[in-house]
Amino acid sequence: MQYSIGVEYALHCLVYLIDLPVDSPIGIKELSAYQGLSETYLSKIFGKLSKAGIVDSVPGVKGGYKLAKSPDAITFWDVVTAVEGDQPIFQCQNIKDKNYFYRSKENNDACASCTPSDCLINMVMLEAEEKMRDSLRSRTLQWMNEELERTLPKETREDARAYFKKNNKVK
């Protein structure tokens with residue numbers, strides 16, 4: 001299992017939006033230049049974040065993106081599902097019809113119709129996935145911002161803020 005690098009870019013970029021004054025969105029041009037990636041690629045990611053209600057798009061010459069809600073209301077899982085979608089990681093393909101992995105004798109149909117409790121492999125995989133989701137749901141952008149403030153050198157955070165203030169004319 002592997003999430004695309006888009007999830008990582010999204011989380012990095014969202015951190016830069018936390019400290020913005022309400023009337024100073026950051027443009028894709030500035031975000032992509034700072035991250036060192038194409039504007040087109042980052043625009044696709046931010047389109048997904050906008051559709052999910054994580055960021056708001058501000059049109060116009062001084063437009064860009066800003067957080068649509070408080071950083072403590074945006075979880076890592078919100079970002080993952082916005083960028084990657086909400087499909088289960090494990091999708092039972094029933095590689096052996098009517099095999100001994102079924103726990104229910106009454107349900108001899110293909111696994112497409114079984115419940116997680118009917119197929120032992122599916123049950124274990126979905127249980128593990130739910131634990132991972134719970135962990136990602138417990139971490140917010142606010143938590144990440146506080147951890148970065150605590151762990152990164154002060155000048156690293158100040159340099160990032162200065163970059164966006166200078167290049168985006170943040171008030």
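Small disclaimer: the values here were computed from a predicted structure and weren't measured.

A. Examining the pattern of salt bridges more closely. Enumeration according to the criterion identifies nine salt bridges in this entry. Ionic pairing is found between R137 and E130, a salt bridge with its closest N-O pair at 2.9 Å. Through salt bridges with shared partners, one network takes in D19, E149, R157 and R161.

B. Looking closely at the packing of helix α1 (residues 5–18) against helix α2 (residues 28–35). Their axes nearest at 11 Å, the elements α1 and α2 cross at an angle of 120 degrees. If you check the angle between α1 and α2, you find them oblique. Of the two possible hands of crossing, α1 and α2 adopt the one that is right-handed. Residues Y9, H12, C13 and Y16 of α1 form the contact with α2, whose own contacting residues are L31, Y34 and Q35. Of the residues in the contact of α1 with α2, the class split is five nonpolar, two polar and no charged.

C. Looking closely at the layout of surface pockets. Here the largest pocket defines a volume of roughly 380 Å³. Lining the largest pocket we find 20 residues, and of these V15, Y16, R157, A160 and R161 sit closest to its centre. With six residues, helix α7 (residues 154–168) is the largest single contributor of residues to the lining of the largest pocket. Considering only residue class, the lining of the largest pocket consists of 13 nonpolar, two polar and five charged.

Rules of the game
Residues numbered from 1 in each chain as written. Predicted model: local features only at pLDDT ≥ 70, side-chain atom pairs only at ≥ 80, totals over all residues. Heavy atoms only, no water. Salt bridge = Lys/Arg side-chain N within 4 Å of Asp/Glu carboxyl O. Axes fitted to C-alpha atoms, helices over the stretch in contact; angles between N-to-C directions. Helix = DSSP H or I, 4+ residues; strand = E, 2+ residues; numbered from the N terminus. Parallel < 35°, antiparallel > 145°, perpendicular 65-115°, else oblique. Left-handed = near helix turned anticlockwise from the far one by under 90°. Contact = heavy atoms within 4.5 Å. Nonpolar A, V, L, I, M, F, W, Y, C, P; charged D, E, K, R; others polar. 1 Å grid on protein atoms, 1.4 Å probe; cavity = no way out; pocket = protein on both sides within 12 Å on 5 of 7 lines; lining within 4 Å. Points joined across faces, edges and corners; volume = space filled by probe spheres on them.

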